[in-house]
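Results of the structural survey
This is what each chain is made of:
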Amino acid sequence: MNTWKTGILLGALVLSFNTGCSDDDEPAGTGGASSSGGAAGSAGSGGAAGSAGSGGAAGSAGSGGAAGSAGSGGAAGSAGSGGAAGSAGSAGSAGAGGQGGAAGGTGGASSGPANPTSIAVVTAVSGVAERLLVAGTDFATTTEIATVDPVAKTVLGRASIADGDAVPAASGGLGFALERTADQVDVLGADGSITATIDVTASPTGSATNQQKAYVTLYGRDHLAVLDLTEHSVQKRVDLSSFAVAGDGDGSVDADSLVIDRAGNRAYMSLGRIDRSTITAPDYKLACPNAKSLIIALDTTTDALVGAPIELELVNPTSVALDLANARLIVTAAGCYEAGGAARSHAGVELVDLTTGATTVRWQPAADDFVSGLLHLGGNRVLLNRFDPSFTEHWTLWDLTGAGPGDALIGVPTKPAFDGADGLFGVGSAASGGGAVPTVVSYALATKASDTLVSQPWTSDSLSAAGTALVR
């Protein structure tokens, strides 16, 4: 499971802020902090067939579940080591499948979930009625997404998803659920129902036309998926393997946050290029990588990568916001730990000039805080989210022209989304029968006052907030 609770409690430090994302060029709602790519590295899927056969060179990184590949010269492949890494065996005639291997420890990313983390629709849909997607999870097998009309204060519909790590997302007037363990993208209709489901690991169709295109970042793969929302399929893949780092044990470039400038025909995404296999017991601290985290750009008319990658000074990006008025990206980063270091480094907020490619570290936390993301409120105004060393969450209003974040706000709802004006939507709670029930609330940044929109948005009161996204 890739929930933010897991990452925080383990100190895995690979959280991201794209839960319930809106990747549009306007400051629409972005959900609260969440994990991307999982906490402490995904374990291998133990018990299935072992990794590559030993008839040739050593097998590929064992996940405890990869099928035995062909031994060279046709020799039968022996059982996998259930997680031991090695280079791929050379091709020959088919070797026998490996016997069941043991669980694969921190198994390579290519054998775990693809983990869709962000989606950006290239051509926006017009005339859309505003609606709020609110997700609740049991942290095991089920996520339920309620679609709420924030004006009428009613639940329009609900969708139950068989993935305890699914999050809502919004882009271009469309709503989605990203099934981060099941590797699917669900398209949500105006009534909250699932109208289509796309397997992001499916082979591309190769279609020459795509009338409604969307990009999806896959944290556990070295490519970007290009979806055809008309045919509900994967049209093509954009190869990102050229940005891979030699010796990276998790086998992925960690593509995460994705934002789109429709007028400029550009999409921008972050590549963490961290090694999640370094997050190990007993302290579960991410080691600082040898390579820089990157921002890369894509031409949305050709799906081709354009320009030189922009190297970031900070490490492990957790969110990216597009500030078109100032021609820049605002990036938050969770940082990492230098060898033998007790405190986190390379964390904070970094600005990326989209005209020159220059970067400026705007702020770094003085304490060992985990910077999990921000909501861009327009211009220089942001709402910064971070967790202190005691795991207490803080939301802070900040004018980027000022010295740094000020005092934390009181009463901010869980998993907030920006309403596009001067307020938030999120999840609260209300007393009921000696206990409490979840609510959907609005929150005014000016007055710090909340108003209940809906009580009990989900069919079960036992679910916990997993994210929000504002479709508009």
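The structure reproduced in this document is the subject of the present report.

A few words now on the state of the cysteines. Evaluated as defined, the whole model comprises one disulfide. Paired by a disulfide, Cys288 and Cys336 hold their sulfur atoms 2.1 Å apart. Around the S-S axis, the bridge from Cys288 to Cys336 shows a dihedral of about 90° and counts as right-handed. In this pair, Cys288 is assigned in the loop between β15 (266-271) and β16 (294-299) and Cys336 in the loop between β19 (328-333) and β20 (348-353), connecting sequence segments 48 residues apart. Per residue, the accessibility class of Cys288 equals that of Cys336, and both read buried.

A word on the packing of aromatic side chains. Inspection of the entire model under this criterion finds one aromatic pair. Ring centres of Trp363 and Trp398 lie 6.1 Å apart, and the angle between their planes is 65°; on these two criteria the pair is classed as edge-to-face. One end of the pair, Trp363, is in strand β21 (residues 359-363); the other, Trp398, is in strand β24 (residues 393-399), and 35 residues separate them in sequence. The class for Trp398 is buried, based on a relative accessible area of 4%.

With eight of its nine residues buried, strand β22 (residues 370-378) lies for the most part within the structure. Pairing analysis gives seven bridges linking β22 to strand β23 (residues 381-387), with the strands arranged antiparallel. By the bridge assignment for β23, Gly373 is matched with Asn385. In this antiparallel pair of consecutive strands, β22 and β23, the connection spans two residues, and Gly379 shows a positive phi of 60°.

Inspection of the secondary structure puts Gly411 in the loop between β24 and β25 (414-418). For the pair formed by Gly411 and Trp395, sequence separation is 16 residues and the distance between their alpha carbons is 9.4 Å. Those residues in contact with Gly411 that sit more than four places away from it in its chain are Tyr443 and Ser450.

We now examine the sheet that holds β20. Read from one edge of the open sheet, four strands run β18-β19-β20-β21, paired in antiparallel fashion. The strands lining the two open edges of the sheet, one partner per strand, are β18 (317-323) and β21. On average, adjacent strands in this sheet sit at an angle of 25° to one another, irrespective of strand direction. Two strands pair when backbone bridges link them, and β18 and β19 are joined in this way by six bridges, in the antiparallel orientation. Within the sheet, the bridge partner assigned to Ser319 lies in β19 and is Thr332.

Criteria and thresholds
- Residues numbered from 1 in each chain as written.
- Predicted model: local features only at pLDDT ≥ 70, side-chain atom pairs only at ≥ 80, totals over all residues.
- Heavy atoms only, no water.
- Disulfide = S-S within 2.5 Å.
- Helix = DSSP H or I, 4+ residues; strand = E, 2+ residues; numbered from the N terminus.
- Buried < 20%, exposed > 50% of the residue type's maximum accessible area, 1.4 Å probe, protein only.
- Phe/Tyr/Trp six-rings, centres within 6.5 Å; stacked < 30°, edge-to-face > 60°.
- Pairing = 2+ DSSP bridges.
- Contact = heavy atoms within 4.5 Å.
- Axes fitted to C-alpha atoms, helices over the stretch in contact; angles between N-to-C directions.

In short, geometric facts, not functional conclusions.
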